[in-house]
Amino acid sequence: MLEVKLNLEKSKVTTEEILKYKESVEKYHNELKERALDNNDYVGWLELPTNYSKLEFTRIKQAAKRISEDSDVLLVIGIGGSYLGARAVIEALTSSFDNMLQERKHPYILYAGNNLSPNYINELVEAIGNKDFSINVISKSGTTTEPAIAFRIFREMLESKYGIEEARSRIYVTTDEKKGALKKLAEQEGYEQFVIPDNIGGRFSVLTAVGLLPIATSGIDIDKLMEGARLAQVRYNDSDLKYNECYKYAVARNILYKSNKTTEILVNYEPKMHYFTEWWKQLYGESEGKDKKGIFPAGVDFTTDLHSMGQYIQDGRRDLFETVLRIENPETNIKINADDDNLDGLNYLAGKDLDYVNKKAMEGTIQAHVTGDVPNILISIEKLDEETIGHLVYFFEKACAISGMILGVNPFNQPGVEEYKKNMFKLLEKPGY
């Protein structure tokens, strides 16, 4: 049975404390449903798994097939929510060494427009080399600095390689349905277009065309991804806090925040989940960090980061709590064999598999951190596949919304990100600044 299991036994949060929020959570649940009816609000993600354009969904799959047939590389140009969700899903569900595999059924997925490094851009140009490539540029406005610069550079490269006409057939634009610089350019040039819905913000957009086109092009089954999200939509539509694991997670983190646990560390023991953590950090940081409030979202990849961050987590400032992602069944496993010399002293593990060792490392670490006054929330999933990841995406999105509402902020705006842009544009002497 597909589900996300929440375990609060080591969180230092009691059931009695959680259920004190029962009435307020029910109020926020109903408020979310009301806001989802307003196309001018940013709550369209709430019913997205069942309320999306089937026609556009079909076009996404057709475009992904076409890209797979004519391109070795799909260059995804976007920043923040315009690429993190897609990258999170792709890296969770494909080989860690996917871009090194020689025999491929699907294009390499590469990323641009998420930084301003000339080294990165030049190395990316070199990596693409003579390979056939297409571009999926993702931007609501088309004027966000990083992706706009990258698109200008790689569009010129594409046109130089193929000529203007063929280049037009290799550019896929995901943008606003009606307005914006990128929308205007797409209309002028005849690029195939996909829509960023008006009522869904970037960090909640992974299950729209924003995420689905790159994900489908990588060979991932987006029908199964949406089915997992649909099951989550149904499961977490219960307003009763007592039966809603998603809402319990939202409440528990707020209870910890009120006890001065102001930093949440999302912990995984699977390297494939690194970019899922990056997506989660944006989702919670941009949603809750307002009005001088908010839990600071951080992330670690264990056991790797136990050898760098473990000391601080165990013995540093006591303003931390951890949310640990546990994957019950790995896709593959490997057994540890006995060695006649046993110079490394590992024969005590002979006959055991690596996942067993990884799980014991996780259990030992949780025990140590809890003893060191770092509360732990444990979230378990059965395995990494399309349905599970779709389910987990929706779980965290809805928990984020309820958590922000409990905190007393609007989880769906991001007024603070504009300040650095004003300063940057002034320093760059942009007209009007």
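A.B. asks: How do you make sense of helix H6 (residues 145-162) when you look at a structure like this?
C.D. replies: Along an α-helix, residues three or four positions apart point the same way, because every turn accommodates 3.6 residues. With 18 residues, H6 ought to run about 26 Å at 1.5 Å a step, and its terminal C-alpha atoms sit 26 Å apart, in line with that. Residues Thr 145, Glu 146, Pro 147, Ala 150, Phe 151, Phe 154, Met 157, Leu 158 and Tyr 162 constitute the buried set of H6. One or two positions beyond H6, positive phi appears at Gly 163, with a value near 85°.

A.B. asks: Hey, could you run me through unusual backbone geometry in this one?
C.D. replies: In terms of backbone geometry, most residues other than glycine have negative phi values and most peptide bonds are trans. For the bond running from Phe 302 to Thr 303, omega is 10°, close enough to zero to count as cis. The phi torsion at Asp 291 lies on the positive side, around 55°, for a residue other than glycine. Backbone geometry places Lys 292, a non-glycine residue, at a positive phi of 60°. Mapped onto the secondary structure, Lys 292 falls in the loop between helix H12 (274-288) and strand E8 (296-301). The class of Lys 292 is exposed, set by a relative accessible area of 85%.

A.B. asks: Help me understand the sheet that holds strand E3 (residues 108-112) in this model?
C.D. replies: Two modes of strand pairing occur in sheets, parallel and antiparallel, and in both the strands are linked by backbone hydrogen bonds. Taking strand neighbours across the sheet as the criterion, the five strands line up as E3-E2-E4-E5-E6 in an open arrangement whose pairing is parallel. Only two strands of the sheet have a single neighbouring strand rather than two, namely E3 and strand E6 (192-195). In this sheet, neighbouring strand axes are inclined to one another by 20° on average, regardless of whether the strands run parallel or antiparallel. Sheet strands in contact with helix H5 (residues 118-128) are strand E2 (73-77), E3 and strand E4 (133-138), and its direction is about 155° off that of E3. Against the sheet, H6 makes contact with E2, E3, E4 and strand E5 (171-175), and its axis sits at roughly 155° relative to E4, the strand it touches most.

A.B. asks: It is not clear to me how the side chain of Thr 208 should be interpreted in this structure. Could you clarify?
C.D. replies: Note that Thr 208 resides in the loop between E6 and helix H9 (209-217). With a relative accessible area of 5%, Thr 208 lands in the buried category. At 2.7 Å, the side chain of Thr 208 forms a polar contact with the backbone oxygen of Ser 205. The residues contacting Thr 208, other than those within four sequence positions of it, are Leu 48, Pro 197 and Ile 200.

A.B. asks: When you look at the packing of H12 against helix H15 (residues 386-407) in this model, what are you seeing that I'm missing?
C.D. replies: Think of two packed helices as two axes; the pair is described by the angle between the axes and how far apart they sit. Contact geometry of H12 with H15 gives a least axis separation of 9 Å together with a crossing angle of 25°. In terms of axis orientation, H12 runs roughly parallel to H15. Once H12 is placed against H15, the crossing between them reads as right-handed. Note on element contacts: H15 touches H12 through Leu 392, Val 393, Phe 396, Glu 397, Ala 399, Cys 400, Ser 403, Gly 404 and Leu 407, opposite Phe 276, Trp 279, Trp 280, Leu 283, Tyr 284, Ser 287 and Glu 288. Each residue belonging to the contact of H12 with H15 can be placed in one class, and the counts come to eleven nonpolar, three polar and two charged.

A.B. asks: So what exactly am I meant to see when it comes to the packing of helix H4 (residues 84-93) against H9 here?
C.D. replies: Two elements in contact, H4 and H9, have axes separated by 8 Å at closest approach and are oriented at 30°. Relative to H9, H4 is oriented roughly parallel. Crossing handedness for the pair H4 and H9: right-handed. Where H4 approaches H9, its residues Ala 86, Val 89 and Ile 90 are matched on the opposing element by Gly 211, Pro 214 and Ile 215. Looking at side-chain class alone, the contact of H4 with H9 contains five nonpolar, one polar and no charged residues.

The rules behind each value
Residues numbered from 1 in each chain as written. Predicted model: local features only at pLDDT ≥ 70, side-chain atom pairs only at ≥ 80, totals over all residues. Heavy atoms only, no water. Helix = DSSP H or I, 4+ residues; strand = E, 2+ residues; numbered from the N terminus. Expected span 1.5 Å × (residues − 1). Buried < 20%, exposed > 50% of the residue type's maximum accessible area, 1.4 Å probe, protein only. Pairing = 2+ DSSP bridges. Axes fitted to C-alpha atoms, helices over the stretch in contact; angles between N-to-C directions. Contact = heavy atoms within 4.5 Å. Polar contact = N/O pair within 3.5 Å; in protein donor to acceptor, adjacent residues only side chain to side chain. Parallel < 35°, antiparallel > 145°, perpendicular 65-115°, else oblique. Left-handed = near helix turned anticlockwise from the far one by under 90°. Nonpolar A, V, L, I, M, F, W, Y, C, P; charged D, E, K, R; others polar.

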